[in-house]
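Overview (structure and organization)
Take a look at the letters that make up each chain.
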Amino acid sequence: MEAAFKVVIPARLGSTRLPRKVLLDLAGKPVVRHVWELARRSGAEEVVIATDSQEVCDVCSAFGADVRMTSAQHQSGTDRADEVARMAGWNPDAIVVNLQGDEPLMPPALVRQAAALLADDPQAQVASLCHPLERLDEWLNPNVVKVVMDRRGYALYFSRAPIPWQRDGATREAPKLPSALAFRHIGLYAYRVASLAEFSALSPAPLEECEALEQLRALTHGLRIRMGITDNAPPRGIDTEEDLRAAAAHLSS
């Protein structure tokens, strides 16, 4: 079903791996502007950029975005999205898609899909997406987050490790990709406003800190994450100079 939804784009300037990445030039525009433009094409009722940087605020305001200054103390983009929802007074049942400010190549259709997935499942607190992994090197890459699901489509676990591991016929030296079961997680989340508030009030979990994956906090505390499978796999977000060059090449092709 078509779902009414809003998009919040957390845009933090203080990235460690690629400093100032949301403001870096990509095909003549700041990275975050590409994200804002695709979010507007997704059909969202509102698109808000959330930042703790006055410089980001000034740049985004100059190209016409709705920007909200949020606390510099937030540990995650989800916390930043929760502050925006509270400031705006959004209805607890409203659906908010958290779209990171370093995802300039995310297809707008996936933003809509995540929102619709949550709207269709009243038992889920969160919805997200994944796609089948077909390359062994990606499955083994710790920068590619993997997810395993139950038969109803709820996430069981997320990991940077190659999961699930095929016990028979595989060794550490000669791993085997379990192609029918291996999925890459796409870092796009839909929440209800009430679930955003619930998540932000939770304490960080040991599994989350171990894997450096925020979604493990939700699973640890019993929140249900409904996963949707897509074949429309987006390129990786912008984390390195190599990612930035690859995104530029993609946009020019």
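Above this text you will find the structure in question.
Our subject in this report is the structure included herewith. On a predicted model such as this, the values are computed, not experimentally measured, just so you know. (Residues numbered from 1 in each chain as written. Predicted model: local features only at pLDDT ≥ 70, side-chain atom pairs only at ≥ 80, totals over all residues. Heavy atoms only, no water.)

Membership of the largest hydrophobic core comes to 39 residues, with the highest contact counts inside it found for Val7, Ile9, Val32, Ile49, Leu99, Val111 and Leu188. The element that contributes the greatest number of residues to this core is helix H4 (residues 108-119), accounting for six residues. Excluding residues within four positions of it along the chain, Val7 makes contact with Ala39, Ser42, Ala44, Glu46, Val47, Val48, Val97, Leu99 and Val111. (Core = buried A, V, L, I, M, F, W, Y, C linked by side-chain atoms within 4.5 Å. Buried < 20%, exposed > 50% of the residue type's maximum accessible area, 1.4 Å probe, protein only. Helix = DSSP H or I, 4+ residues; strand = E, 2+ residues; numbered from the N terminus. Contact = heavy atoms within 4.5 Å.)

Another aspect to go through is the pairing of strand E9 (residues 155-159). One ladder, built from four bridges, connects strand E8 (residues 146-149) with E9; its direction is antiparallel. Residue pairing in the sheet places Lys146 in a bridge with Ser159 of E9. Hairpin connection between E8 and E9: a loop of five residues separates the two successive antiparallel strands, and Gly153 in this loop has a positive phi of roughly 95°. (Pairing = 2+ DSSP bridges.)

There is a patch of nonpolar side chains on the surface, built from Leu136, Leu140 and Trp165 and spanning about 260 Å² of accessible area. When you line up the elements, Leu136 lands in helix H5 (residues 136-140). By relative accessible area, Leu136 is classed as partly exposed at 33%. (Patch = residues over 30% accessible without salt bridge, like charges linked within 9 Å, V, L, I, M, F, W, Y side chains within 5 Å. Areas by Shrake-Rupley, 256 points an atom, 1.4 Å probe, with all protein chains shown as cover. Salt bridge = Lys/Arg side-chain N within 4 Å of Asp/Glu carboxyl O.)

To continue, consider helix H6 (residues 193-200). Residues of H6 that are buried: Val193, Ser195, Leu196 and Phe199. In a view along the axis of H6, the buried residues occupy a sector of 160°, so they form one face of it. (Arc of directions from axis to C-beta.)

Moving on, we come to the side chain of Arg217. With respect to the helices and strands, Arg217 occurs in helix H8 (residues 215-220). Excluding its chain neighbours within four sequence positions, the residues that come into contact with Arg217 are Asp79, Phe199, Leu202, Ser203, Pro204, Ala205 and Glu208.

Viewed as axis vectors pointing N to C, helix H3 (residues 77-88) and H6 meet at an angle of 130°, and their least axial separation amounts to 9 Å. Here H3 is positioned oblique relative to H6, judged by the angle of their axes. The handedness of the crossing between H3 and H6 is left-handed. When H3 is examined against H6, the residues Thr78, Asp79, Ala81, Asp82 and Ala85 are found in contact with a partner set consisting of Val193, Leu196, Ala197, Phe199 and Ser200. (Axes fitted to C-alpha atoms, helices over the stretch in contact; angles between N-to-C directions. Parallel < 35°, antiparallel > 145°, perpendicular 65-115°, else oblique. Left-handed = near helix turned anticlockwise from the far one by under 90°.)

So, on to the packing of aromatic side chains. Note on aromatic pairs: each is described by the distance of the centres and the angle between the planes. On inspection of all chains with the given rule, the structure shows four aromatic pairs. Here the aromatic rings of Tyr189 and Tyr191 are separated by 6.2 Å at their centres, their planes lie at 35°, and the arrangement is tilted. Look at Tyr191 and you get buried, because its relative accessible area is 3%. A network of ring pairs unites the aromatic residues Tyr189, Tyr191 and Phe199 as a single cluster. Above the plane of the ring of Tyr154 lies Arg224, whose end atom (NZ or CZ) is 4.6 Å from the centre. In this structure, Arg226 packs its charged tip against the face of Tyr154, placed 5.8 Å from the ring centre. (Phe/Tyr/Trp six-rings, centres within 6.5 Å; stacked < 30°, edge-to-face > 60°. Lys NZ or Arg CZ within 6 Å of the ring centre and 35° of its normal.)

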